[in-house]
Amino acid sequence: MREINTSQIKQAVSDLCQKSSYTLADGVMDLLRGALKNEESKTGKEIITQIIGNAEIAQKEKLPLCQDTGIAVVFIEIGQEAIIVGGEIKEAVNEGVSQGYKNLRKSVVLNPIDRINTKDNTPAIIHEEIVDGYNIKIGILPKGGGAENMSAIKMFLPTAKKEDLIKFIVETVVSNGAKACPPLILGIGIGGTFDYAAYLAKKALTRKIGAKNKDTVELEKEILSQVNKTGLGPMGLGGRVTALAVHIETHPCHITSLPVAINFECHAHRYQEIIL
Amino acid sequence: MKEISTPLDDKTIKSLKAGDQVLISGIVYVARDAAHQKGIPFDVKGQIIFYAGPTPGDPIGSIGPTTASRMDPFILPLLKKGLKATIGKGPRSEGVKKAHKKYKAVYFTATGGAAALLSKTVVRSEVIAYPELGAEAILKLEVVKFPAIVAYDSHGGDLFQKGRKKYSKLVTIRHSRGSGNPFNSLDAASSLPAGQAGAA
Ligand code: SF4
């Protein structure tokens, strides 16, 4: 058993919100540098050059990478041997978000119909998972609206072929991708249930960008290559580099089901995590 | 890169072609969803509206373009009154594209997510209307060499379409039986559907 105080959780969340606002997630910069080499379009090259320059300024001056500092999507893995003391964990997370977003944009409304801004960017979207061990792992994925709103899910027939899934993904990129600030990162969830596929698609974005999942690496490669043939290019203005990476997570599912969810993420991919 | 300054005259507008990279200097107004809904209270003649919602800062925090198509329902009356350009990201509706030709105006895109870099071009910022809207208030900015790309020009040119056509290697994707999905060939020039929210 090990005690972890909610005040530690609050502080960690606050620090992660701050740091993620001006830091590209691990792996993105390398892919951007590669993209600059591969891009043939003059406009595309200029855009990627700006994106790289932006990341350097943001990091140096601790300025938000993007003005849309997002809604905070928080992943918490709680070791089953850890005891949380000092308060309620969700409250601590939201207090951390409120503190961490003080000088960032407040982009959350309390009620989706009335749309009154909560003015402190809370509440966060919180995914909790119980895992082995004594630790608590907290990951923060600030999610901008532009990319998030382009996401899609489809319930396929269980007899659908791999090609059908690829076609759905590529067509969705063609129709929606230009508004999601390409070059994109695609989080894809295959299997589970309607809700779980969407969760997997988001979770896929927390993997180190460009790192391979050995079960899905071939499919990821194939989709990436198809997506980069669409010609959409940086900011949708034409070019070779439409996506930097495709990350897939899969899960067992019902014999009649084959859900496929695509969570769009932009090049301004921000994700930071810490283990307490 | 072409350097242009505001207010924009007809000669400048005419000279701009889809695909041109420009550096904008002068006054640029910032307005987005809520401000458009309330009404644009300044004289738009010859002006540029930048669709954006910055983070807090002095003179401004990070600032970059938001999805322009969300402002499509509001742009026609403004173009009629002489608005000459907007800055945003992403493609807009066919109707709005055509209106740029009719009213001799230009739609620029700036790099979404390059908001720290773009903020360096802002030398002055002032809230001129709707301060209660916070990040959605109307701002008057003075910018120096703000980098933008002509997406729609005043002659009907469209860089989204032109660019994609040039670089698309995709003709069709093979379809397998049993999926229940109707086969559609994925044409390189297929149009972009409207109705998506977009944001920033
Ligand atoms: S899609 Fe990403 S880069 Fe583009 S405006 Fe939104 S958060 Fe910023």
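Everything numeric in this text was worked out from a predicted model, so none of it was measured.

Trainee: Describe the UniProt feature "domain: Fe-S hydro-lyase tartrate dehydratase beta-type catalytic" (unreviewed entry) in chain B, with residues and values.
Mentor: With numbering matched to this structure, UniProt assigns "domain: Fe-S hydro-lyase tartrate dehydratase beta-type catalytic" (unreviewed entry) to residues 8-162 of chain B. Annotated as residues 8-162 of chain B, this span is 25% helix and 28% strand, and its ends, taken at the C-alpha atoms, are 25 Å apart.

Trainee: How would you explain the packing of helix α2 (residues 28-38) of chain A against helix α3 (residues 42-61) of chain A if you had to name every residue and give the values?
Mentor: All names here are of chain A. The geometry of α2 relative to α3 is characterised by a closest axis approach of 9 Å and an angle of 155° between their N-to-C directions. Between α2 and α3, the angle falls in the class roughly antiparallel. Read as a crossing pair, α2 and α3 show a hand that is left-handed. Contacts between α2 and α3 involve Met29, Leu32, Arg33, Ala35, Leu36 and Lys37 on the former and, on the latter, Lys45, Ile48, Thr49, Ile51, Ile52, Ala55 and Glu56. Considering only residue class, the contact of α2 with α3 consists of 8 nonpolar, 1 polar and 4 charged.

Trainee: Go over the sheet that holds strand β8 (residues 243-251) of chain A, please, and point to the residues and values.
Mentor: Residues and elements named next belong to chain A. The 4 strands lie next to each other as β6-β9-β7-β8, forming an open sheet whose pairing is mixed. Lying at the two open borders of the sheet, with one neighbouring strand each, are β6 (152-156) and β8. Averaged over all neighbouring strand pairs, the angle between strand axes comes to 15°, with direction disregarded. Sheet topology places strand β7 (residues 184-191) next to β8; 8 bridges connect them, and they run parallel. In the sheet register, Ile188 faces β8, and the bridge partner there is Ile248.

Trainee: I'd like a description of the side chain of Glu265(A), backed by residues and values.
Mentor: Residues and elements named next belong to chain A. Relative to the helices and strands, Glu265 is located in strand β9 (residues 258-265). We classify Glu265 as buried; its relative accessible area is 1%. Here the side chain of Glu265 touches His269 through a polar contact of 2.6 Å, side chain to side chain. Sequence-distant contacts of Glu265, defined by excluding residues within four places in its chain, comprise Leu141, Lys143, Ala147, Leu184, Ile185, Leu205 and Arg270.

Trainee: An account of the pattern of salt bridges is requested, with residue identities and associated values reported.
Mentor: Applying the stated criterion to the full structure yields 28 salt bridges over all chains. For Lys167(A), the salt bridge is made with Glu171(A), and the minimal N-O distance between the two is 3.5 Å. Taken together, the residues span about one helical turn, with Lys167(A) and Glu171(A) both in helix α6 (residues 162-176) at a distance of 4 residues. Glu171(A) sits in the partly exposed class, given a relative accessible area of 22%. For Asp158(B), the salt bridge goes to Lys97(B), with nearest N and O atoms at 2.9 Å.

Trainee: Any details on the domain arrangement of chain A? Residues and values, ideally.
Mentor: Residue and element names in this part refer to chain A. As assigned here, chain A comprises domain 1 (2-23 + 65-143) and domain 2 (145-268). Taken over C-alpha atoms, the centre of domain 1 sits 25 Å from the centre of domain 2. Taking both partners together, domain 1 and domain 2 bury about 850 Å²; carbon and sulfur atoms supply 60% of that area. Taken as a group, Phe75, Leu141 and Lys143 account for 61% of the area that domain 1 buries against domain 2, more than any other trio of residues on that side. On the surface where domain 1 and domain 2 come into contact, there are 4 salt bridges.

Trainee: How would you sum up α2(A)? Please name residues and give values.
Mentor: Residue and element names in this part refer to chain A. Here α2 has its buried residues at Val28, Met29, Leu32 and Ala35. What you see down the axis of α2 is that its buried residues fit within an arc of 115°, all on one side. Relative to its buried face, α2 has exposed residues pointing more than 90 degrees away, namely Asp30, Lys37 and Asn38. Along its buried surface, α2 packs onto α3, β7 and β8.

Trainee: Tell me what's going on with unusual backbone geometry, and back it up with residues and numbers.
Mentor: One can expect most non-glycine residues to show negative phi and most peptide bonds to be in trans. Of the consecutive residues Pro182(A) and Pro183(A), the connecting peptide bond is found in the cis state with omega at 5°. Tracing the backbone shows Pro183(A) in the loop between α6 and β7. The linkage connecting Thr6(B) with the following residue, Pro7(B), adopts the cis geometry, with an omega of -5°. Of note, Lys62(A) is a non-glycine position whose phi angle comes to about 55°, a positive value. Structurally, the position occupied by Lys62(A) is in the loop between α3 and β2 (71-79). Overall, the relative accessible area of 55% leaves Lys62(A) in the exposed class. Of note in this structure, Cys181(A) is not a glycine but carries a positive phi near 55°. In this fold, Cys181(A) is placed in the loop between α6 and β7.

What counts, and where the lines are drawn
- Every chain is numbered independently, its residues counted from 1 as its sequence is written.
- Here every chain gets a letter starting at A, and every ligand a number starting at 1, in the order they are written.
- With the structure being a predicted model, the display of local features is reserved for residues of pLDDT at least 70 and the display and counting of side-chain atom pairs for 80 or more, all residues being used for whole-chain, interface and lining totals.
- Excluding hydrogens and water, the side-chain values take into account all heavy atoms of the structure.
- UniProt positions are given in the numbering used here, feature names are shortened, and annotations may be inferred rather than shown by experiment.
- Runs of E in the DSSP output that reach at least two residues are strands. Runs of H or I that reach at least four are helices, and both are numbered from the N terminus.
- Comment: axis = line fitted to C-alpha atoms, over the contacting stretch for helices; angle = value between 0 and 180 degrees taken between N-to-C directions.
- Oblique is the label for any angle not covered by the other classes, which are roughly parallel (under 35 degrees), roughly antiparallel (over 145) and roughly perpendicular (65 to 115).
- Throughout, a crossing is termed right-handed when the near helix is turned clockwise from the far one, and left-handed when it is turned anticlockwise from it by less than a right angle.
- Working rule for contacts: check all heavy atoms of both residues, and any pair within 4.5 Å makes them a contact.
- Three categories are distinguished: nonpolar for Ala, Val, Leu, Ile, Met, Phe, Trp, Tyr, Cys and Pro, charged for Asp, Glu, Lys and Arg, and polar for the others, with Gly belonging to the last.
- Paired strands are those between which DSSP finds at least two bridges.
- Working definition: with a 1.4 Å probe on protein chains only, accessible area under 20% of the residue-type maximum means buried, over 50% means exposed, and in between means partly exposed.
- Polar contacts here mean pairs of N or O atoms no more than 3.5 Å apart (in protein, one a potential hydrogen donor and the other a potential acceptor; neighbouring residues in sequence count only if both atoms are side-chain atoms).
- Here, a salt bridge means any Lys or Arg side-chain nitrogen found within 4 Å of an Asp or Glu carboxyl oxygen.
- Residue ranges labeled as domains rest on an automatic or database domain assignment.
- Joining two parts hides part of their accessible area as seen by a 1.4 Å probe, and the buried area is that hidden amount summed over both.
- Along the arc lie the directions from the helix axis toward the C-beta atoms.

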